Amino acid sequence: MSLGNLASVGYFLPELTVTATILLLILMHVVTKSPRSNAFGFLSLVGVGAAILLSGIVPAGAGKSIFEGMAAYDGFAVFFKVLTALATLVVIFMTMDSREMDGRSQAEYYIFLLSTLLGMFLLSSATDIVMLYLSLELVSIPSYLLAGYFKGRERSTEAAMKYVVFGATASGVMIYGFSFLFGLTGTTQIAEIGRSLAAGKATLPMLLASVMVAVGFGYKIAAVPFHMWSPDVYEGAPTPATAFFSVGPKAAGFAVLVRFYYTVFAAPDPGSALWRLTSAVDWPLLFAALSAVTMTVGNLVAVKQDNVKRLLAYSSIAHAGYMLMGFVLLSPAGLKAILFYLVVYLFMNLGAFYVVILVSNATNGGEDISDFAGLGSRAPFAAVSLAVFLFALTGIPPFSGFIGKVYLFAEVINRGVYWLVVVAGLNSVVALYYYARIVRSMFLDEPTDTAAIAVPGVPRAMLLLMVAPTLILGVYWEPVARIASDSIRMIAF
Amino acid sequence: MVSGILDGLWLVPALPLLGVVLNGILALFVERPLLLPAAGPPSAAAGHGHGASYRTLVAFIAPGVVGAAFVVALLCVLSLAAAPPEGRIFVQVLFPWIQAGAFTAPVAFQLDPLSSVMALVVTGVGFLIHVYSVGYMSHERAFARYFVYLNLFMFAMLILVLADNYLLMFVGWEGVGLCSYLLIGFWYEKQSAADAGKKAFVVNRVGDFGFLLAMFLIFWTFGSVSYTEVFAKAPLLSGDGTLTTGLATAITLLMFLGAAGKSAQIPLYVWLPDAMEGPTPVSALIHAATMVTAGVYMIARSSALFLLAPDTMMVVAVIGAATAIFSATIGICQTDIKRVLAYSTVSQLGYMFLACGVGAFTAGIFHLTTHAFFKALLFLGSGSVIHALSGEQDMRKMGGLKKRVPVTFLTMFAATLAIAGIPGFSGFFSKDEILWKSFSSSMGSPVLWVVAAAAAGITAFYMFRLVFLTFFGTSRMDPEVEKHVHESPWTMTLPLSILAVLSVIGGFLGIPAVLGGAFGVPNLFEGWLEPVFRRAAPAAAHAAEEAAHHSAALEIGLMALSVGIALFGIGLAYFLYRARTEKPDEIARKWPTVYGVVFHKYYIDEFYEWAVVRRVVRGADWLWQMFDARFIDGIVDGAADIVRSAGDRIRRLQGGIVGGYAFSLLAGAVLLVGYILYRSIVQ
């Protein structure tokens, strides 16, 4: 049974905290005379930190449907809330450390950032297609603003423009798909839709709906061919925002993808621990093909990039491809592998972006691989950290990315989808090439400027905080794996 | 199940680890900046300048943590001893480490009589050697780095002996191997030291390969790597035919390969003499008292498996006896004081394996313990001599030191009497136990006894040769060296004295029944360890206890005979190196071939160089130039070209025109719909 509005408030504390923080930020912006102050950043840190602490843990069987069936309060949602909030936390630190943001108004930036976070919270718990659409837009619209935050900068404006056009097209297609579902079943509750569809036979509108929704979600996780926006946006946006896009909204996109498809087009199989398809639409195969294409295109194009931000954009497309493998398996172990991968991906990807920001700070906005030349001697700590992150992203032991890939690949093999694992394996080899290019430049190429780059205390500590899990999770990952497998519990109602 | 104080068992390995961290911080942040060229001329300034206070800190931390570990271990063992003999096993599970399918390996420690003997020997002797090192290494520039390695070694060694499963044991096994490598090559600027470290590492890898395969087979057979499970299942599985004798033989032979690598047995002993390139306290700790005995410990620990494989037992016994006599003969002709002791260690380890091979595991562990005392003492004593002689290691340039370094002389002399097997000293009890068991056990044979007894005679001979050449006679020292001869500081002589006491009285822990029985003195050592080996193999426990068939008179007689052989060896040494000092050279001239072969250590190193090293190098060369550079690189380069050109083409799709992007999205959606439609129509 779903709880009423008043009774639900108690399960809505993280969202309320973030909302309150946004309101406070707006208030502060009106009152204060110095919109460039770091105070906005600190306030946001406190708000997001409090939201994490208030998220709590959902014991097995304690999941609830809240707000008259609009959203879910379950382990799955809480996992993604904590994950996206953590990413936001790191990004706030990045923003404060980034010289790119100096001399600009900070207030709106953090308001947009936290609004996106609120959208991601809602997206990962939405159980009603109206709610789902609204929260998707709540993620998208502040993202457009973040991408275009440098009003004067041509690339930034262009990125925002493209993002808006592309995003509008994608959500248009998606909501068209939703309308089919509503027309077919007469309800907006995804669980109801699922039951209703399972009772009937497969029809053309159902097929269309499943594909059209895939377009909307595919756009959010930047799966090929719905990825076109991401390289331009990643390159044009402020680097902290790019880091944010590559982790936060992508994770939330996976959350809604899993919840929607596993509720609407599949149901838990009573006979085994797996899920079974409830309609004749073979969407797992569809997404398996998308997964293969996504990782291949992402990796192949990354090979030719010289701009590190753009390179990481393509690489993050490839990582979405790897994670999609876990999505198509209809097994708990597959979902667990995605969640585990998202955790390690959070640290290694944000860590890599952190170093990009530090280098860009020191080289007047340089973002090309050649700007990283000789970093090994100019800033050894940052260079070694980046090497760790890049090797982890490649999936080389003993780093965390390797364990993440082991879980994904093992389950794909376990479920017998051998061709996909072959594609993924080949892709990992290609990935090594472009990641190693940066490492080579850092340690083997002579820098044009040999002056040492000072890394101040806060970024140093933050790097250490991200290197540590990247190393530790490569050796001792049991607790996080346990959290991941506990967190695949979605409420069924 | 006993608990309480035992819950602190984890502290035993954790304390040395704490030392690693603390000393590591000092080494990285205080010592290294001092040693860097930028910090000044690379003189002793680093040691005696303003940074010297950190050395005092290191000198307290490093021995301190090991001493504390010894105290904790002692309290744990005493608490364990309070339990009835059958209940003397305590397992502390710290946390699950690896869980994958049916495979689980926790980080867990097991304290039972066997591991408690090892833990006490390791921490006790280790503590003394740490104290000694403070004095011995006082002039060393990389003082903190040395103690980081030494503490790390203690940590790894304690993991090895306290682990409750084979995988964790393997972690310690590799850890001590790493530390051994680091410490042998401690003076890495010296080519020979770096080479010796490498040699030790590579030779050990051969053994580790065996250990790994054995572990795989164990998991495959038993579905577990935990000692308790494996040993409990062994009799059952061998009863129902799952664990055939062939399989047991394969597992144990592979384990023995690992043990032979770690414990320097034929054919993998070659690294140990070279390991003497490391600092002398390291030789005492790692290459005499503790690490090299890990192989013996492993076999004793796995006695339940070894007893199921009689063929392996025979191999172990034969290799042990062969190693004992073979390396003893090499010891005769060595002139470097540490190398004599190194070959002696190889030989004594052979005795321990002989004991295990005839099923007398208790005797093997007993000898391991007494050997730890007297061989550590011999090495530390030789270190004290080397220290006094400003680094001279050649015995031909010593002599007459008796009065100049009295404490060193007295303590080393006690150890020599112990290793030679003079009644009353510790080595007598343990070695004689092995000799008797190799004769009387159902797995023994008179041939083994003869070989072992002969080796004992040779041992007595070369040890007294060492003592005579070093301490007696007239001085052959360089005058320059002689001026600086001095007795070592108390930090070095105190450990020597304590070890000397242990070397003398340590044997009374295990008085054989034939001697002690009459006076009502029990064999404490055997009584303490007995539950372990009885639990491991109840039926076979008394396989080595065949004494009933032999009379006490025979045992006493053989004992007297072996003492006689030892005395003969001592007498011969006196004759050649005290009475008629010109004789040895005459003998060498008379039989140049025999002398040459023994002097060159039977040309084994040369043979390995020719048969293995050169061939491997040549094969690797071919693989590199032909297979790798041409074939593999060709494929790789070709694949890379394909990838790059594909990337280039796909990149062009991203034209930057937003209308094109929207088109690709819609085209993608249409393609997907088309694909699904096609599939549903086909079906």
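Note that the structure is a prediction, hence the values are computed from the model and not measured. (Residues numbered from 1 in each chain as written. Chains lettered and ligands numbered in written order. Predicted model: local features only at pLDDT ≥ 70, side-chain atom pairs only at ≥ 80, totals over all residues. Heavy atoms only, no water.)

## Points about the overall build of chain B
What chain B contains, in helices and strands, is 28 helices and two strands. With 683 residues in all, chain B has 55% of them scored as buried. Within chain B, contacts between residues at least 6 apart in sequence are counted, and of these 81% link residues at least 24 apart. For chain B, the exposed surface amounts to about 27,400 Å²; the carbon and sulfur share of it is 71%. (Helix = DSSP H or I, 4+ residues; strand = E, 2+ residues; numbered from the N terminus. Buried < 20%, exposed > 50% of the residue type's maximum accessible area, 1.4 Å probe, protein only. Contact = heavy atoms within 4.5 Å. Areas by Shrake-Rupley, 256 points an atom, 1.4 Å probe, with all protein chains shown as cover.)

## Description of the overall build of chain A
Of the regular secondary structure elements, chain A holds 20 helices and four strands. Scored against the burial criterion, the 493 residues of chain A give a buried share of 63%. Contacts in chain A between residues at least 24 apart in sequence constitute 79% of all its contacts with a sequence separation of at least 6.

## Details of the nonpolar core
Formed by 203 residues in total, the largest nonpolar core has its most connected members in F260, Y261, F287 and F327 of chain A. Sorting elements by how many residues they give to this core places helix 14 (residues 332-362) of chain A first, with 22 residues. Counting contributing residues, this core receives three or more from each of domain 1 (1-161 + 227-255) and domain 2 (275-493) of chain A. Setting aside its immediate chain neighbours within four residues, Y261 of chain A contacts S210, V213, A214, F217, A266, W283, F287 and F327 of chain A. Grouped together as the second largest cluster of nonpolar side chains are 195 residues, V72, A73, A342 and V405 of chain B included. (Core = buried A, V, L, I, M, F, W, Y, C linked by side-chain atoms within 4.5 Å. Domains from an automatic or database assignment.)

## Comments concerning the interface of chain B and chain A
On the side of chain A, 36 residues touch chain B, which itself brings 29 residues to the contact. Looking only at chain B, the three residues that lose the most surface to chain A are Q654, L665 and I676 of chain B, adding up to 21% of its buried area. At the boundary of chain B and chain A, one finds zero salt bridges. Scanning the region where chain B abuts chain A turns up two residue pairs in polar contact (both at pLDDT 80 or more). Among the secondary structure elements, those contributing two or more residues to the side of chain B that touches chain A are strand 1 (90-100), helix 27 (604-651) and helix 28 (658-682) of chain B. Tallying contributions element by element places helix 28 of chain B first for the side of chain B that touches chain A, with 15 residues. Its residues assigned to classes, the side of chain B that touches chain A shows 18 nonpolar, seven polar and four charged. (Buried area = accessible area lost by both parts, 1.4 Å probe. Salt bridge = Lys/Arg side-chain N within 4 Å of Asp/Glu carboxyl O. Polar contact = N/O pair within 3.5 Å; in protein donor to acceptor, adjacent residues only side chain to side chain. Nonpolar A, V, L, I, M, F, W, Y, C, P; charged D, E, K, R; others polar.)

## Focus on the confidence of the model for chain B
Residue and element names in this part refer to chain B. Taken as a whole, chain B shows an average pLDDT of 86; of its residues, 94% reach a score of 70 or greater. The low-confidence segment residues 38-50, where pLDDT is below 50, has nine contacts with residues more than four positions distant or belonging to other chains. On the interface metric, ipTM, the complex scores 0.70, and its pTM is 0.68. (pLDDT = per-residue confidence, 0-100.)

## What about the pairing of strand 1 of chain B?
Residue and element names in this part refer to chain B. Note that strand 1 and strand 2 (residues 103-111) share nine bridges and pair antiparallel. Of the residues in strand 2, the one forming a bridge with V93 is A108. Counted along the chain from strand 1 to the antiparallel partner strand 2, the turn is two residues long, and its residue G101 has a positive phi close to 60 degrees. (Pairing = 2+ DSSP bridges.)

## Remarks on the packing of helix 14 of chain A against helix 17 (residues 400-414) of chain A
Residue and element names in this part refer to chain A. In the contact formed by helix 14 and helix 17, the axes pass within 9 Å of each other and the chain directions differ by 160 degrees. By the angle class used here, helix 14 and helix 17 are roughly antiparallel. Pair helix 14 / helix 17 crosses with left-handed handedness. Only S400, G401, I403, G404, K405, Y407, L408 and E411 of helix 17 make contact with helix 14, whose side of the interface consists of A333, G334, K336, A337, I338, F340, Y341, V344 and M348. Across the contact of helix 14 with helix 17, the residue classes break down as 10 nonpolar, four polar and three charged. (Axes fitted to C-alpha atoms, helices over the stretch in contact; angles between N-to-C directions. Parallel < 35°, antiparallel > 145°, perpendicular 65-115°, else oblique. Left-handed = near helix turned anticlockwise from the far one by under 90°.)

## Re the pattern of salt bridges
Within the structure shown, the criterion is met by 27 salt bridges over all chains. Of the charged contacts in the structure, one is a salt bridge between E15 of chain A and K81 of chain A, with a shortest N-O distance of 2.8 Å. A residue pair is termed long-range when its members are at least 10 positions apart, and E15 of chain A in helix 2 (residues 13-31) and K81 of chain A in helix 4 (residues 75-97) qualify at 66 residues. Here the two residues E15 of chain A and K81 of chain A agree in accessibility, since each one is buried. Across the salt bridge formed by D208 of chain B and R205 of chain B, the nearest N and O atoms sit 3.4 Å from each other. With D208 of chain B and R205 of chain B both in helix 7 (residues 191-222) and three residues apart, the pair spans about one turn of that helix. Since its relative accessible area comes to 35%, R205 of chain B is described here as partly exposed.

## Notes on helix 18 (residues 418-444) of chain A
For helix 18 of chain A, spanning 27 residues, the distance from its first C-alpha to its last is 38 Å, which sits close to the expected 39 Å at 1.5 Å a residue. At A436 of chain A, helix 18 of chain A shows its strongest bend, of approximately 25 degrees. (Expected span 1.5 Å × (residues − 1). Bend = angle between axes of the 7 residues up to and from the residue.)

## A few points about a nonpolar patch on the surface
Judged by side-chain polarity, W622, L623, M626, F627, F631, I632, I635 and V636 of chain B come together as a nonpolar surface patch covering roughly 750 Å² of accessible area. Among the secondary structure elements, W622 of chain B is positioned in helix 27. (Patch = residues over 30% accessible without salt bridge, like charges linked within 9 Å, V, L, I, M, F, W, Y side chains within 5 Å.)

## Some details on unusual backbone geometry
The omega angle of the peptide bond from V224 of chain A to P225 of chain A is 5 degrees, so this bond is cis rather than trans. Within the secondary structure, P225 of chain A sits in the loop between helix 9 (204-221) and helix 10 (229-236). In this chain, I266 of chain B is followed by P267 of chain B through a cis amide linkage whose omega measures 5 degrees. Looking at the secondary structure, you find P267 of chain B in the loop between helix 9 (245-262) and helix 10 (271-274). For A222 of chain A, which is not glycine, the phi dihedral falls at a positive 60 degrees. Among the secondary structure elements, A222 of chain A is positioned in the loop between helix 9 and helix 10. The backbone of Y603 of chain B shows a phi angle near 55 degrees, a positive value even though the residue is not glycine. Mapping Y603 of chain B onto the fold places it in the loop between helix 26 (592-599) and helix 27.

## Description of the packing of aromatic side chains
In this structure the tally under the stated criterion is 65 aromatic pairs over all chains. With 6.1 Å between their ring centres and 80 degrees between their planes, W229 of chain A and Y234 of chain A make a pair best called edge-to-face. Here W229 of chain A matches Y234 of chain A in class, with each residue buried. A ring pair is formed by F413 of chain B and F464 of chain B, whose centres lie 6.0 Å apart and whose planes are at 85 degrees; its orientation type is edge-to-face. Of this pair, F413 of chain B sits in helix 17 (residues 406-420) while F464 of chain B sits in helix 19 (residues 446-471), placing them 51 residues apart in sequence. (Phe/Tyr/Trp six-rings, centres within 6.5 Å; stacked < 30°, edge-to-face > 60°.)

## A few points about the side chain of N523 of chain B
In this structure, N523 of chain B sits in the loop between helix 22 (513-516) and helix 23 (524-536). Within polar-contact distance, the side chain of N523 of chain B engages the backbone nitrogen of E526 of chain B at 3.1 Å.

## Some details on the packing of helix 16 (residues 380-394) of chain A against helix 18 of chain A
Residue and element names in this part refer to chain A. Two elements in contact, helix 16 and helix 18, have axes whose closest approach is 9 Å; the angle formed by their N-to-C orientations is 175 degrees. Regarding the angle of helix 16 to helix 18, the classification is roughly antiparallel. Counted together, A383, V384, L386, A387, L390, F391, L393 and T394 of helix 16 and S428, A431, L432, Y435, I438, V439, M442 and F443 of helix 18 form the full contact between these two elements. Looking at the contact of helix 16 with helix 18, its residues break down into 14 nonpolar, two polar and no charged.

## Brief notes about the environment of V563 of chain B
Residues and elements named next belong to chain B. Note on placement: V563 falls in helix 24 (residues 552-579). On the basis of relative accessible area, V563 is assigned to the buried category, the value being 14%. In this structure the C-alpha to C-alpha distance between V563 and G457, which are 106 residues apart in sequence, comes to 8.6 Å.

## Observations concerning the environment of Y227 of chain B
Residues and elements named next belong to chain B. For Y227, the location among the structural elements is in helix 8 (residues 227-239). Classification of Y227 by relative accessible area gives buried; the value is 1%. Placed 75 residues apart in sequence, Y227 and S302 show a C-alpha to C-alpha distance of 8.2 Å. Apart from the residues lying within four places of it in its own chain, the contact partners of Y227 are Q110, A163, D164, N165, Y166, M169 and R301.

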